[in-house]
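One letter stands for each residue in the lines below.
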Amino acid sequence: MPFWRRRKEEESAQVPGPVPPPVPPAVQPPPVVESPPAVASSPDTELPAAETFESRGFGGAPDKSPAHASGAAPDAETFESRGFGGAPDKSPAHASGAAPDAETFESRGSGGWEGGTPVAEPTPAAEPAIPAFDPTAFLAVAPAHTLDDGLERTRTGFMSQLRGLLGGDDPQWDEVEETLIAGDVGAALAIDLVERARKRRDPAGAEAAIRAELAALLVQRDLAWTPRPATGGGPAVVLVVGVNGTGKTTTIGKLAARYVAAGQSVILAAADTFRAAAIDQLRIWADRAGVTVVAHAPGADPGAVVYDALDAAVARGADLVIADTAGRLHTKSNLMDELTKIRRIIDKRLPGAEPETLFVLDATTGQNGLAQAKAFHEAVGLTGIVLTKLDSTAKGGIVFAIEDALKVPVRFVGVGEGVDDLLVFDPDAFVEALFA
């Protein structure tokens, strides 16, 4: 067979035949969907909030509410009733379209409406009446503490140890000396005190000898002491000095209350013009005691304040002027010179006056307080000492050290925070309380 015929036959064998028409797939009948059983509904029946939320927001039965059907956004009523359960609000305020007020909001949140009216809030109970403040009522309060109460820590502290060493026939004098030093009596005074007690050879024993020597250190004084008035019927003057934090202003307030209770008229001079709130603090005490206070602006000249206070006392016929001064360290020579200036002003305004200068000492400072008292005594000449916070220390020996060194009497002792806890110092009662 020629090659061209064989090629033609091969090409004819490669031509595809007609494609048969596609057979259509068998048509499947639609699935039969069973309808869920109908749920009987009533006006009082309400779907739970969770079911309503899931069915509306996540593919459940379509919402048939009028607002949803109309395409309008749900209002507050629809949102509350659909999302959080509860019947729609039928209040007049909501029906009119007005925003709910505070009463409507609270009544809805706390239980809705009852019969178309808001739930009444309970009426709070009436507060008890507060009695009017009487700034002078504290003057009639009895002293909260006695000298015996104020010396409780001292008596159970170094004095208890001292009495233990002095008991028996063979007192331990070296330890007695150390105990007196620890009790703020001072080293030199303690050595001298023990030496005199050993030489005394008191028949009543070593304790009686120490007790007698301690009592001999205290300066004799008149327990009925009062500030001396100026010549010519002028007022008595008390100048209160000391370092910061010793209780000067509080002591002045207690002194004013004491003399007011005794029937005297008192004027306070706020000459502490440097410490913050010192003038305000003194005014509070003046209001409590019912006395007058003379004050200038903060930072004013203290001497001018004292001069004006003396003028006011003379014009009003006052019995006593008590001057507060700024707290200062005894090492500040310029401030110490200021006290000397105030003394000169007093002498100029009231010639012949004999002002009392009381040094307020914190009993807890110990021997450092003695150094302070010496410096103030050299600057202004102290006439008395007020020992504060005696109830807060276990060391009462500073009383003996100060009176022995300065020969200046302790006039008052503070044994508490009450207004009547500033007591007149009685040397015999003090020693008696220590050895009680």
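For clarity, every value in this text was computed on a predicted model and none was experimentally measured.

## So, the pattern of salt bridges
Opposite charge on two side chains allows them to pair when their charged atoms are near.
Part 1 of the reasoning: Within this structure, the stated rule accounts for 15 salt bridges.
Part 2 of the reasoning: For Arg196, the salt bridge identified is with Glu213, shortest N-O distance 2.9 Å. Of the two residues, Arg196 is situated in helix 11 (residues 187–200) and Glu213 in helix 12 (residues 206–217); the sequence distance between them amounts to 17 residues.
Part 3 of the reasoning: Residue Glu213 is classed as buried on the basis of its relative accessible area of 8%.
Part 4 of the reasoning: Taking the shortest distance from any N to any O, the salt bridge between Arg200 and Glu213 comes out at 2.9 Å. Residue Arg200 is located in helix 11, and its partner Glu213 is located in helix 12; the two are separated by 13 residues in the primary sequence.
Part 5 of the reasoning: Classification of Arg200 by relative accessible area gives partly exposed; the value is 38%.
Part 6 of the reasoning: By sharing partners, the salt bridges in this structure join Asp192, Arg196, Arg200 and Glu213 into a single network.

## Here's the deal with the nonpolar core
Side chains of nonpolar character tend, in soluble globular proteins, to be buried together.
Part 1 of the reasoning: Within the largest apolar cluster, 74 residues are counted, with the highest numbers of intra-cluster contacts made by Val176, Leu180, Ile210, Leu387, Val413 and Phe430.
Part 2 of the reasoning: One finds Val240, Ile252, Ala286 and Phe412 within the second-largest nonpolar core, a separate group that totals 23 residues.

## Description of the sheet that holds strand 8 (residues 384–388)
Part 1 of the reasoning: Reading across from one edge, 5-4-6-3-7-8-9-10 is the order of the eight strands in this open sheet, with mixed pairing throughout. Edge positions in the sheet fall to strand 5 (292–294) and strand 10 (422–424), since each has one partner strand and no second. This sheet shows a mean twist of 25° between the axes of neighbouring strands, independent of strand direction.
Part 2 of the reasoning: In terms of strand pairing, strand 7 (residues 356–362) meets strand 8 through five bridges, oriented parallel. Following the sheet pairing, Asp362 is matched in strand 8 by Thr388.
Part 3 of the reasoning: Across the sheet, helix 14 (residues 278–289) lies against strand 4 (266–271), strand 5 and strand 6 (320–325), angled at about 170° from strand 4, the strand it touches most.
Part 4 of the reasoning: Contacts from helix 17 (residues 367–380) reach strand 3 (236–241) and strand 7 within the one sheet, and its direction differs from that of strand 7 by about 165°.

## Regarding the environment of Ala371
Part 1 of the reasoning: For Ala371, the location among the structural elements is in helix 17.
Part 2 of the reasoning: Considering only alpha carbons, one finds Ala371 and Ile402, 31 residues apart in sequence, at a separation of 9.3 Å.

## Describing unusual backbone geometry
Part 1 of the reasoning: Here Asp184, not a glycine, exhibits a phi torsion of approximately 70°, which is positive.
Part 2 of the reasoning: Structurally, Asp184 can be placed in the loop between helix 10 (173–182) and helix 11.
Part 3 of the reasoning: Of note in this structure, Arg201 is not a glycine but carries a positive phi near 50°.
Part 4 of the reasoning: Considering the arrangement of structural elements, one finds Arg201 in the loop between helix 11 and helix 12.
Part 5 of the reasoning: Judged by its relative accessible area of 73%, Arg201 falls in the exposed class.

## Some details on the confidence of the model for the chain
Part 1 of the reasoning: For the chain, per-residue confidence averages 75 on the pLDDT scale, and residues scoring 70 or more make up 65% of the total.
Part 2 of the reasoning: Low pLDDT, under 50, characterises residues 65–74; the predicted model gives this stretch six contacts beyond four residues in sequence or across chains.
Part 3 of the reasoning: Predicted confidence is poor over residues 102–115, with pLDDT under 50, and the contacts of this stretch with residues over four places away or in other chains come to 17 contacts.

## Describing the packing of aromatic side chains
To describe a pair of aromatic rings, one takes the distance between the centres and the angle between the planes.
Part 1 of the reasoning: The final tally for this structure, using the stated rule, is four aromatic pairs.
Part 2 of the reasoning: Seen in terms of ring centroids, Phe359 and Phe376 are 5.1 Å apart; in terms of plane orientation they differ by 40°. Their pairing is tilted. Taken together, the positions of Phe359 in strand 7 and Phe376 in helix 17 put the pair 17 residues apart, joining distant regions of the chain.
Part 3 of the reasoning: Among the residues examined, Phe359 registers a relative accessible area of 0% and is labelled buried.
Part 4 of the reasoning: Take Phe376: its relative accessible area is 0%, and that puts it in the buried class.
Part 5 of the reasoning: Between Phe425 and Phe430, the ring centres sit 5.1 Å apart and the planes meet at 55°, which makes this aromatic pair tilted.
Part 6 of the reasoning: Residue classification places Phe430 among the buried positions, given a relative accessible area of 0%.
Part 7 of the reasoning: Within the aromatic cluster, the residues linked to one another by ring pairs are Phe400, Phe425 and Phe430.
Part 8 of the reasoning: The cationic tip of Arg288 hangs over the ring face of Trp285; the distance from NZ or CZ to the ring centre is 5.2 Å.

The rules we used
Residues numbered from 1 in each chain as written. Predicted model: local features only at pLDDT ≥ 70, side-chain atom pairs only at ≥ 80, totals over all residues. Heavy atoms only, no water. Salt bridge = Lys/Arg side-chain N within 4 Å of Asp/Glu carboxyl O. Helix = DSSP H or I, 4+ residues; strand = E, 2+ residues; numbered from the N terminus. Buried < 20%, exposed > 50% of the residue type's maximum accessible area, 1.4 Å probe, protein only. Core = buried A, V, L, I, M, F, W, Y, C linked by side-chain atoms within 4.5 Å. Pairing = 2+ DSSP bridges. Axes fitted to C-alpha atoms, helices over the stretch in contact; angles between N-to-C directions. Contact = heavy atoms within 4.5 Å. pLDDT = per-residue confidence, 0-100. Phe/Tyr/Trp six-rings, centres within 6.5 Å; stacked < 30°, edge-to-face > 60°. Lys NZ or Arg CZ within 6 Å of the ring centre and 35° of its normal.

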